[in-house]
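# Working through the structure, step by step
Next come the chains, spelled out residue by residue.
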Amino acid sequence: MQCKRCGAELKPGRMYCSSCGKEVQMVSGYSDLEDEYLRHILTESSGNSTTKARPQEQVKESTGPLHKKRKNNKIPIIVVSVLLTVLIMTAAGIKLYVNYQNEHSYEYQLDMANEHMTAGKYAKALEYYQNALVLEPQDVKARLAMAKIYMEQREYDYAAVLYTEVLKLDQSNYESYQNLIAIYEQKQDYASIAALSKGVTNAQLLTLFADYIVEPPVISPVADTYDDFINVGIYSLEEEKVYYTLDGSDPTGDNAVLYTEEDGIPLEKNGTYTVKAVCRNEKGINSSVVESVFVIKLSAPGYAKVVPDGGRIEQETQVVITAEPGCSIYYTWDGTQPDKNSAKYLSPLDIPSGNNILSVLVVNNKTGLDSGVYRANFIYYP
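Residues numbered from 1 in each chain as written. Predicted model: local features only at pLDDT ≥ 70, side-chain atom pairs only at ≥ 80, totals over all residues. Heavy atoms only, no water.

All right, on to the sheet that holds strand S10 (residues 311–313) then. Read from one edge of the open sheet, five strands run S10-S16-S15-S12-S13, paired in mixed fashion. The strands lining the two open edges of the sheet, one partner per strand, are S10 and strand S13 (343–344). As paired elements, S10 and strand S16 (residues 370–380) share three bridges and run parallel to each other. Residue pairing across strands places Ile313 opposite Tyr380, the latter belonging to S16. (Pairing = 2+ DSSP bridges. Helix = DSSP H or I, 4+ residues; strand = E, 2+ residues; numbered from the N terminus.)

Turning our eyes to something else, we now look at the pattern of salt bridges. If you walk through the whole model with that rule in mind, you get five salt bridges. Arg143 is paired through a salt bridge with Glu165; the nearest N and O atoms lie 2.9 Å apart. Taken together, the residues Arg143 in helix H6 (residues 141–152) and Glu165 in helix H7 (residues 156–169) connect sequence positions 22 residues apart. Looking at Arg143, the relative accessible area reads 12%, which means it is buried. Here Glu165 falls in the partly exposed class, since its relative accessible area comes to 30%. For the salt bridge of Lys187 with Asp157, the shortest nitrogen-to-oxygen distance reads 2.4 Å. (Salt bridge = Lys/Arg side-chain N within 4 Å of Asp/Glu carboxyl O. Buried < 20%, exposed > 50% of the residue type's maximum accessible area, 1.4 Å probe, protein only.)

What follows deals with the nonpolar core. Ranked by size, the top nonpolar core spans 59 residues in total, and within it Tyr129 and Ile234 carry the most contacts. Tyr331, Leu349, Val360 and Val362 belong to the second largest nonpolar core, which has 18 residues in total. (Core = buried A, V, L, I, M, F, W, Y, C linked by side-chain atoms within 4.5 Å.)

Bringing the sheet that holds strand S9 (residues 305–307) into the picture now. Here three strands make up an open sheet; going across it, the order is S9-S11-S14 and the pairing antiparallel. Each edge of the open sheet carries a strand with a single partner, namely S9 and strand S14 (349–350). Here two bridges tie strand S11 (residues 318–322) to S14, and the two strands are oriented antiparallel to one another. Among the inter-strand pairings, Val319 is bridged to a residue of S14, identified as Leu349.

Okay, the environment of Ser359 next. Of note, Ser359 is situated in strand S15 (residues 354–364). The exposure class of Ser359 is buried, given its relative accessible area of 0%. Ignoring any residue separated from it by four or fewer positions in sequence, one finds Ser359 in contact with Tyr330, Tyr331, Thr332, Gly335, Thr336, Pro338, Val373, Tyr374 and Arg375. A polar side-chain atom of Ser359 sits 3.3 Å from a polar atom in the side chain of Arg375. (Contact = heavy atoms within 4.5 Å. Polar contact = N/O pair within 3.5 Å; in protein donor to acceptor, adjacent residues only side chain to side chain.)

Right, let's talk about the pairing of strand S12 (residues 327–332) for a bit. Burial of S12 is extensive: six of the six residues sit out of reach of the surface. A two-sided burial pattern is seen for S12, the buried positions comprising Cys327, Ile329 and Tyr331 on one face and Ser328, Tyr330 and Thr332 on the other. Pairing between S12 and S15: six bridges, direction antiparallel. When the bridges of S15 are listed, Tyr330 appears paired with Leu361.

The next subject is unusual backbone geometry. For residues besides glycine, phi is generally negative; the peptide bonds are generally trans as well. Following Ser220, the chain continues into Pro221 via a peptide bond in cis, with omega recorded as 5°. Inspection of the secondary structure assignment puts Pro221 in the loop between strand S1 (218–220) and strand S2 (225–226). Phi is positive for Arg154, close to 60°, though the residue is something other than glycine. Summarising the element assignment, Arg154 is placed in the loop between H6 and H7. Take Arg154: its relative accessible area is 65%, and that puts it in the exposed class. Backbone geometry places Glu239, a non-glycine residue, at a positive phi of 60°. With respect to the helices and strands, the residue Glu239 is situated in the loop between strand S3 (230–235) and strand S4 (241–245). Assessed through its relative accessible area of 74%, Glu239 is described here as exposed.

Keep in mind these numbers describe shape, not what the thing actually does.
This is the structure we're talking about:
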């Protein structure tokens, strides 16, 4: 409310203007609310009313425009709070979605693995590579990267498993062959290197095995059935040591015999001989096993041919004995069993006087087999 005279702002409860001293008067054009307010002030200052406003009146006053303004001030705060909540929830949702996408992205897992590997954080890199393999079980790149980490950490067994898995997926993977050979060489496990070379036909890959592949030996004569003694020769094309067995057992085992015979291995008895042999180089690497089966069926010589063939002899006569070539003839006149210690037939025999039994044995000089005894009874009385 303003002073009508000077326009100064009138202080509540004052009846005179504090600026010009003019008595306060009602000014036309004031709103009803201002009039009501002024009358209230005048009443309080003159002491006409000594009672305070009842609680009901205070409540009624509080429901005026001022209270509505305060209520309206709260609305922006609520709106801002709701918007912030929505933004936070949206951001959280986006983060969850991105995390889900990353967890199910092979490329992301591989990129993160490579990043950690470059930084030397091998444990974390292995974790990401494993995640990548879960998403792509047939992946070769992740396996090779993991194997490389294990090689640097000297975890050779883990690396060997991964390289072996790679070769099952990619049979021509040069890196896997190269590192597996290095692992087996470090362990001096040459048998595994030999096994790894099986089935390799690629010329480039075969160069990796040049120091580990041993050519097998050659066995002579060819496997067959023989009716005579034979000498079996075993030869190394690269002049490596040769080990063999005759009973079909493993030539790399404890029963193996070092081949040193210049004239070969004599097979001098009837029977079946399964010859197995290997070549072994200076690193102790064995070649593949070669095998030949020989069957020896020796024939005994026939009986000797005796002329005359016994009987009563009337005059002095000589006995001529013949046998198969390569045989010796042994004899007795007293009926005893002849053997190699008996008299050896060299020329025609004179028939002794009396009643005598000529016993003749033919023995093959090479095989030692004999014909059995042939007997002839001579009766000669000069």
